[in-house]
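An overview of the molecular structure
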Amino acid sequence: MNKVALITGITGQDGSYLAELLLEKGYEVWGVLRRNSSPQNQTYRIDHIFKQLNLVYGDLTDASSLVNIINNCKPDEVYNLAAQSHVRISFDIPVFTGQVAGLGTLNLLEAIRQINPKIKMYQASSSEMFGNSIDADGYQRETTPLIPVSPYGCAKVYSYNICNNYKNSYNMFISNGILFNHESPRRGINFVTNKVVKEAVDIKKGIKNTLPMGNLTATRDWGHAKDYVKAMWMMLQHDVPDNFVCATGTSHSVKDLIEYVFAKLDMNYEEYVTQDEKFLRPEELTDLKGDSTKLRNTLGWTPTYTFESMLDEMIDFWL
């Protein structure tokens, strides 16, 4: 019997790469779709594997839909990747962000607990949970205090803690992956990496003249989503549930990102980049750099992409 996996957020960047990985490993893959008033482009990231998937409508905020889905597909593993995941936008819609990224996780946990508590669950936790809390050596790891600085980060802390609570209270297999920023050509174009790459290419082609940006000094630990979904799968193959930081261990500033992309396109970024206050956060997260020693030593995970090779792939895609 092939394993059955259920992915919430299957139409997102991570969900699409994870679905590909699980299909390659022989899984029967189910995915949860939210009803969308404009469905034409909703599944574009998974259209190439559409016929191999079992897609069902549901929503993390609708507990009954989750119960029905889990009853029908009877998964061995559940990967909870669904969320309102844009940090800046979480300040604009904080209640919705909390309902989906926070209470939505509780709805899913309850559905699993009531139907079959032996189902393994992966929870997509985030480096945004740390906020500006940094250990003395400049890194963030599993033991770093969680002091988030955005509604999104706060919602993710709730999910992280409620997952640990259910794991300990009901002896459930629930692992939190504390993933640092991960990108790809499939990243939404309102996220900084794909925004920079796409608009730089547009400038190169003469389609646009400027690139408006927010904070250029913030640093992030950027990896590739394809590497990070492999870590998700590895966490659920481990013999015990646990929490793991997934990161490259190297950080770059937004300015570094811009300089690299424009240089690859033979342009001077200073001629095109402007600053727009609407892209600044009310409370800024300045530095993120993850220590994934535990993940590497325990599960043998290693990234295959570098910061540069990741951006090269994204540039080639938009060109």
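Residues numbered from 1 in each chain as written. Predicted model: local features only at pLDDT ≥ 70, side-chain atom pairs only at ≥ 80, totals over all residues. Heavy atoms only, no water.

1. Remarks on the packing of helix H1 (residues 13–24) against helix H7 (residues 225–237)
Two numbers describe how H1 lies on H7: the axes approach to 9 Å, and their chain directions differ by 60 degrees. The angle between H1 and H7 falls in the class oblique. Between H1 and H7 the crossing geometry is right-handed. In contact with Gln-13, Asp-14, Tyr-17, Leu-18, Leu-21 and Leu-22 of H1, H7 contributes Ala-225, Lys-226, Val-229, Lys-230, Met-232 and Trp-233. Taken together, the residues of the contact of H1 with H7 sort by class into eight nonpolar, one polar and three charged. (Axes fitted to C-alpha atoms, helices over the stretch in contact; angles between N-to-C directions. Helix = DSSP H or I, 4+ residues; strand = E, 2+ residues; numbered from the N terminus. Parallel < 35°, antiparallel > 145°, perpendicular 65-115°, else oblique. Left-handed = near helix turned anticlockwise from the far one by under 90°. Contact = heavy atoms within 4.5 Å. Nonpolar A, V, L, I, M, F, W, Y, C, P; charged D, E, K, R; others polar.)

2. Considering helix H5 (residues 151–170)
Between its terminal C-alpha atoms H5 stretches 28 Å, which fits the 28 Å expected from 20 residues at 1.5 Å a residue. Looking at the packing, one finds that the buried side of H5 touches helix H3 (87–90), helix H4 (94–115), strand S5 (120–126), strand S6 (174–179) and strand S11 (243–246). Count one or two residues on from H5 and you reach Asn-171, which has phi positive near 55 degrees. (Expected span 1.5 Å × (residues − 1).)

3. Focus on the environment of Val-229
Along the chain, Val-229 turns up in helix H7. Along the chain, Val-229 and Leu-18 lie 211 residues apart, while their C-alpha atoms are 5.4 Å from each other. Excluding anything up to four places from it in sequence, Val-229 contacts Asp-14, Tyr-17, Leu-18 and Leu-21.

4. Quick word on the nonpolar core
Formed by 35 residues in total, the largest nonpolar core has its most connected members in Ile-7, Leu-18, Leu-22, Val-29, Tyr-79 and Tyr-122. Every element with two or more residues in this core is listed here: strand S1 (4–8), H1, strand S2 (28–33), S5, H7, S11 and helix H9 (293–299). No other element matches H7, which puts nine residues into this core. Look past the residues within four positions of Tyr-122 in its chain and what remains in contact with it is Val-78, Tyr-79, Asn-80, Leu-81, Ser-175, Asn-176, Gly-177, Leu-179, Met-232, Met-235 and Leu-236. Formed by 24 residues, the second largest nonpolar core is a distinct cluster that contains Leu-257, Tyr-269, Tyr-305 and Met-314. (Core = buried A, V, L, I, M, F, W, Y, C linked by side-chain atoms within 4.5 Å. Buried < 20%, exposed > 50% of the residue type's maximum accessible area, 1.4 Å probe, protein only.)

5. Quick look at a negative patch on the surface
A surface patch of negative charge is lined by Asp-256, Glu-259, Glu-270 and Glu-271. Examined against the element boundaries, Asp-256 turns out to sit in helix H8 (residues 254–264). Of the residues examined, Asp-256 reaches a relative accessible area of 31% and is grouped as partly exposed. (Patch = residues over 30% accessible without salt bridge, like charges linked within 9 Å, V, L, I, M, F, W, Y side chains within 5 Å. Areas by Shrake-Rupley, 256 points an atom, 1.4 Å probe, with all protein chains shown as cover. Salt bridge = Lys/Arg side-chain N within 4 Å of Asp/Glu carboxyl O. Lys, Arg positive; Asp, Glu negative; His and termini not counted. Charge placed at Lys NZ, Arg CZ, Asp CG, Glu CD.)

Nothing here speaks to function; it is all geometry.
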